[in-house]
Amino acid sequence: MMTLQDESGSTHNEPYAPHPVIIIKGPQGFGFNVRGQVDEGGQLKSINGNLYPPLQHISNVVPGGPAEDAGVLIGDRILEVNGENVEGESHSRVIELIKSNPEKLRMVLMSVPAKENERLDGESKLIW
């Protein structure tokens, strides 16, 4: 669960709020796989109560790898890669951005409950 601090300095838990991660590449890569629609654009979908264009998501996290160490979870939706908004982007564009820095990756992710992840997976045109 993610703990956030508001302007007054109070902290509160927001388990499904967008959150930044930084992953330092290891000898076997960043330690995760991405899955999602092939083409750009698409119909808006409700995710955690908000509307988003189709999002690429994390389909696998290597145990003990850099992504797991950074807190990446299977099912996390990818909102930004290396400072670029990727909402509604094609799978190939997201992969291109992930590979653009060979040593360090910055992403903004949004975790979703397991049941929400299953619903979204069932509605998407996916690539492995």
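Structure shown above.
Residues numbered from 1 in each chain as written. Predicted model: local features only at pLDDT ≥ 70, side-chain atom pairs only at ≥ 80, totals over all residues. Heavy atoms only, no water.

A. Fine view of the overall build of the protein. Looking only at helices and strands, the protein features three helices and 10 strands. Here the protein holds 128 residues, and 38% of them are scored as buried. Looking at the protein alone, contacts between residues at least 24 apart form 66% of all its contacts between residues at least 6 apart. Carbon and sulfur atoms provide 49% of the accessible area of the protein, an area that totals close to 7300 Å². (Helix = DSSP H or I, 4+ residues; strand = E, 2+ residues; numbered from the N terminus. Buried < 20%, exposed > 50% of the residue type's maximum accessible area, 1.4 Å probe, protein only. Contact = heavy atoms within 4.5 Å. Areas by Shrake-Rupley, 256 points an atom, 1.4 Å probe, with all protein chains shown as cover.)

B. Summary view of helix 2 (residues 91-99). Within the span of helix 2, buried status applies to His91, Val94, Leu97 and Ile98. Buried residues along helix 2 cover an arc of 130° about the axis, so they all sit on one side. Residues of helix 2 that are exposed and point more than 90 degrees away from the buried face comprise Ser92 and Lys99. (Arc of directions from axis to C-beta.)

C. Expanded view of the environment of isoleucine 22. Tracing the backbone shows isoleucine 22 in strand 3 (residues 19-24). Accessibility expressed as a relative area gives 47% for isoleucine 22, which makes it partly exposed. Each C-alpha atom of the pair isoleucine 22 and aspartate 69 lies 9.9 Å from the other, and the pair is 47 residues apart in sequence. Residues contacting isoleucine 22, with those up to four places away along its chain left out, are Ala70, Lys104, Leu105 and Arg106.

D. Main features of the nonpolar core. Formed by 18 residues in total, the largest nonpolar core has its most connected members in Phe32, Ile78, Val81 and Met107. Elements supplying a minimum of two residues to this core: strand 3, strand 4 (32-35), strand 7 (57-61), strand 8 (77-81), helix 2 and strand 10 (104-110). Phenylalanine 32 has contacts with Ile23, Ile58, Asn60, Val61, Ala67, Ile98, Leu105 and Met107, leaving out every residue within four places of it along the chain. Membership of the second largest hydrophobic core comes to seven residues, among which are Ile47, Tyr52, Leu55 and Leu79. (Core = buried A, V, L, I, M, F, W, Y, C linked by side-chain atoms within 4.5 Å.)

E. Just the pattern of salt bridges, in detail. Within the structure shown, the criterion is met by two salt bridges. As a salt-bridge pair, arginine 93 and glutamate 84 come within 3.0 Å of each other at their nearest N and O atoms. You can call glutamate 84 partly exposed: its relative accessible area is 28%. The closest approach of N and O atoms between arginine 93 and glutamate 96, which form a salt bridge, is 2.5 Å. Remark: glutamate 96 and arginine 93 occur in helix 2; sequence separation between them is three residues, near one turn of the helix. (Salt bridge = Lys/Arg side-chain N within 4 Å of Asp/Glu carboxyl O.)

F. Spatial organisation of the packing of aromatic side chains. Tallied over the entire structure, the rule returns zero aromatic pairs. Taking NZ or CZ as reference, lysine 25 lies 5.7 Å from the ring centre of phenylalanine 30, over its face. (Phe/Tyr/Trp six-rings, centres within 6.5 Å; stacked < 30°, edge-to-face > 60°. Lys NZ or Arg CZ within 6 Å of the ring centre and 35° of its normal.)

G. Spatial organisation of unusual backbone geometry. Here asparagine 82, not a glycine, exhibits a phi torsion of approximately 50°, which is positive. Mapped onto the secondary structure, asparagine 82 falls in the loop between strand 8 and strand 9 (84-85).

H. Structural detail: the side chain of serine 90. Within the secondary structure, serine 90 sits in the loop between strand 9 and helix 2. Classification of serine 90 by relative accessible area gives buried; the value is 11%. Here serine 92 takes part through its side chain, which lies 3.3 Å from a polar atom of the side chain of serine 90. Of note is the side chain of serine 90, whose polar atom sits 3.2 Å from the backbone nitrogen of arginine 93. (Polar contact = N/O pair within 3.5 Å; in protein donor to acceptor, adjacent residues only side chain to side chain.)

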